[in-house]
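Chain by chain, the residues:
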Amino acid sequence: MGREFEGFRRSDGRWGVRNLCLVLPTSELLNRASELVELEVPEATCVTHFNASPGPPSELHLDVLANFASNPNVGHVILLGMGDDLDLAPALGDRLAAAGVAVETLSLLRERSMLRLAEAAARSARIGIDGLRVQRRQPAPASALIVGTECGGSDAYSGLTANPALGHAMDLLVAERGSAVLAETTELIGAEHLLAARASSPEVAADLLRVVEEWERMVIDMGEDIRGAQPTPGNQAGGLTTIEEKSLGAAAKGGSSPLTEVVGYGCRPSRPGLVVMDTPGQDVEQLTGMAAGGCQLIVFTTGRGTPTASPVAPTIKVATNRRTAERLADHIDLDAGGIATGETTKEEVGTRIFETILAVASGRQVKAEVFGQKDFALPRTRPS
Amino acid sequence: MTAVHRILIMNGADEVGVCVEEVPAETPVSVGDGVVVTRQRIPAGHKVALVDLAAGSPVHKYGQPIGFATADIRRGEHVHLHNLDSGRVGGNRH
């Protein structure tokens, strides 16, 4: 008998760990309307864009927005669009409706002011939330979970404490036939040979080596600008010297399972096990890609205390050292620092992370949810 | 001399260890059965050389290559940007 959690069953068979009413502007130009809805209806999950619009609306952005809005944690979607010819909202709404997602599409041109757009969205959000309240959690198998892993604000402890502990938690999840997502392709440079050696087939190994090589070539083509940027100055101050050293520590968070698949940015894994998603290293773009890939939860290890979290996938924060855990207690859920001092082991902390994942999946709030941290960004760059 | 400072060695083949807390200069740290005496102050989370390393030789952590020594490194020295460079992209010097 496998482990279970209490979740929300979706029409496509996936399981949510939250039942959110998502208010999603299709452009950063409408951020303010989304902020106004949040003031009116604090229970709604109102997203704002972190990046300025990355060029004209594209097929990639449509895919990412559609996959993000159909994350299984979302029960109702309200799209805010400009209403002009370039507006992605109508096509996005059609795609979500076709996928069985409850969706409403509102536009600035139709409402004729940001304030009226926000008022209309707030009305819809109240109705949407009333509808969601009647849905109840049901027992779900842990195999339904797709958990994203991320490290941000890394220090030299990341690879010694929190990341290996998270790797152990991901091994426990994969043993339950769940999926663990390892991302940040730039931070696999120098560790890809270890992952490729664990690939479930020669094709998967080739996929991994190809995406890492593409990023490495892009870094080389960018020339001097990137030099000294990886590891970042903050990483360097924390004791990390080279990208290989950072990557070896970063890859530890995927655990030791065979690599079963390599997926593109924001794409859903098709099979259980350890999966690599090809994403940029920028934390918010990575979080968005993993949420779009269907991750219901994310575990984020941090040395310096990065408060970043996904609006739709509860983001569990694990500190790599005790000082950060104590100084930023409002933002950190778990402390892995005791591994460095010998007070605990990566297996003990990893088991605690795994149990926390199941508890949060069943409804326990993480610190970032209590605080209302909601970071979202469309990707600015994508190789291939 | 009693070694009180804790150092982490991820793999028995590694030429560097990580100081768990800041270690002052000329301080003994225990390494397996032996002791390494720091030649400089090593900040918390930073690396110390466990063996003498000639310029150009590969440096390992987690049992894997993390770059090359850019200068002769003596046992007990701080290993960081001034004497270690990436073998891949994103190196600190050309």
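My aim in this report is to walk through the structure given alongside it, one point at a time. These numbers were taken from a predicted model, which means no experiment stands behind them. (Residues numbered from 1 in each chain as written. Chains lettered and ligands numbered in written order. Predicted model: local features only at pLDDT ≥ 70, side-chain atom pairs only at ≥ 80, totals over all residues. Heavy atoms only, no water.)

1. Here's the deal with the sheet that holds strand 12 (residues 297-302) of chain A
Strands belonging to one sheet form pairs held by backbone hydrogen bonds; the direction of such a pair is parallel or antiparallel. Residues and elements named next belong to chain A. The test is simple: In this description, strands pair whenever DSSP reports at least two bridges between them. Runs of H or I in DSSP of at least four residues are treated as helices and runs of E of at least two as strands, each being numbered from the N terminus. Note on contacts: a residue pair is in contact if any heavy atoms of the two residues lie within 4.5 Å. Note on geometry: axes are C-alpha line fits, over the in-contact stretch for helices, and angles between N-to-C directions span 0 to 180 degrees.
Pairing is parallel across the open sheet formed by seven strands, whose spatial order is 10-11-9-8-12-13-14. Each having just a single partner strand, strand 10 (259-263) and strand 14 (334-335) make up the two edges of the open sheet. Bridge analysis of strand 13 (residues 315-319) against strand 14 gives two bridges, and the strand direction is parallel. Bridging across to strand 14, A319 finds its partner in D335. Here helix 6 (residues 162-175) sits on the sheet and contacts strand 8 (146-152), strand 9 (179-182), strand 11 (273-277), strand 12 and strand 13; the angle it forms with strand 8, its principal contact strand, is near 175°. On top of the sheet, helix 11 (residues 283-292) reaches strand 8, strand 9, strand 11, strand 12 and strand 13; it is set at about 175° to strand 8, its chief contact.

2. Some words on the interface of chain A and chain B
A common way to express how large an interface is: the accessible area buried when the components associate. Note the following rule: Put simply, buried area is the surface a 1.4 Å probe can reach on two separate parts but cannot reach once they are joined, added for both. Salt bridges are defined as contacts in which a side-chain nitrogen from Lys or Arg sits within 4 Å of a carboxyl oxygen from Asp or Glu. We call two N or O atoms a polar contact when they sit within 3.5 Å, provided that within protein one can donate a hydrogen and the other can accept it, with sequence-adjacent residues counted only if both atoms are side-chain atoms.
Contacts between the two partners involve 32 residues from chain A and, on the opposite side, 31 residues from chain B. Across the interface of chain A and chain B, roughly 2500 Å² is buried in total on both sides, 54% from carbon and sulfur atoms. Counting across the chain A and chain B interface gives four salt bridges. Taking the shortest distance from any N to any O, the salt bridge between E216(A) and R88(B) comes out at 2.7 Å. There are 17 residue pairs in polar contact (both at pLDDT 80 or more) connecting chain A and chain B. Every element with two or more residues in the side of chain A that touches chain B is listed here: helix 7 (192-197), helix 8 (202-222), helix 9 (233-237), helix 10 (243-251) and helix 13 (338-341) of chain A.

3. Re the pattern of salt bridges
Residue and element names in this part refer to chain A. Enumeration according to the criterion identifies 23 salt bridges over all chains in this entry. The closest approach of N and O atoms between R322 and D335, which form a salt bridge, is 2.9 Å. Of this pair, R322 sits in helix 12 (residues 322-327) while D335 is found in strand 14, placing the two residues 13 residues apart along the sequence. Counted as one network, the salt bridges with shared partners bring together E43, D130 and R133.

4. Regarding the packing of aromatic side chains
What counts here: Any two rings among Phe, Tyr and Trp, with Trp reduced to its six-membered ring, count as a pair given centres within 6.5 Å; such a pair is stacked if its planes are under 30 degrees apart, edge-to-face if over 60, and tilted if neither. Note on criteria: charge over ring means Lys NZ or Arg CZ within 6 Å of the ring centre, with the direction from the centre no more than 35 degrees off the ring normal.
The full count for this structure, using the stated rule, is one aromatic pair over all chains. The lysine or arginine in question, K317(A), covers the ring of F300(A), its NZ or CZ lying 4.6 Å from the ring centre.

5. Observations concerning the sheet that holds strand 5 (residues 74-81) of chain A
Residue and element names in this part refer to chain A. What the four strands build is an open sheet, ordered 4-3-5-6; its pairing is parallel. In the strand order of this sheet, the two ends are held by strand 4 (45-46) and strand 6 (103-107), each with one partner. Where strand 3 (residues 20-25) and strand 5 come together, six bridges link them in parallel fashion. Bridge pairing links P25 to L80 in strand 5. Sheet contacts for helix 2 (residues 59-69): strand 3 and strand 5; angle to strand 3, the most-contacted strand, approximately 160°.

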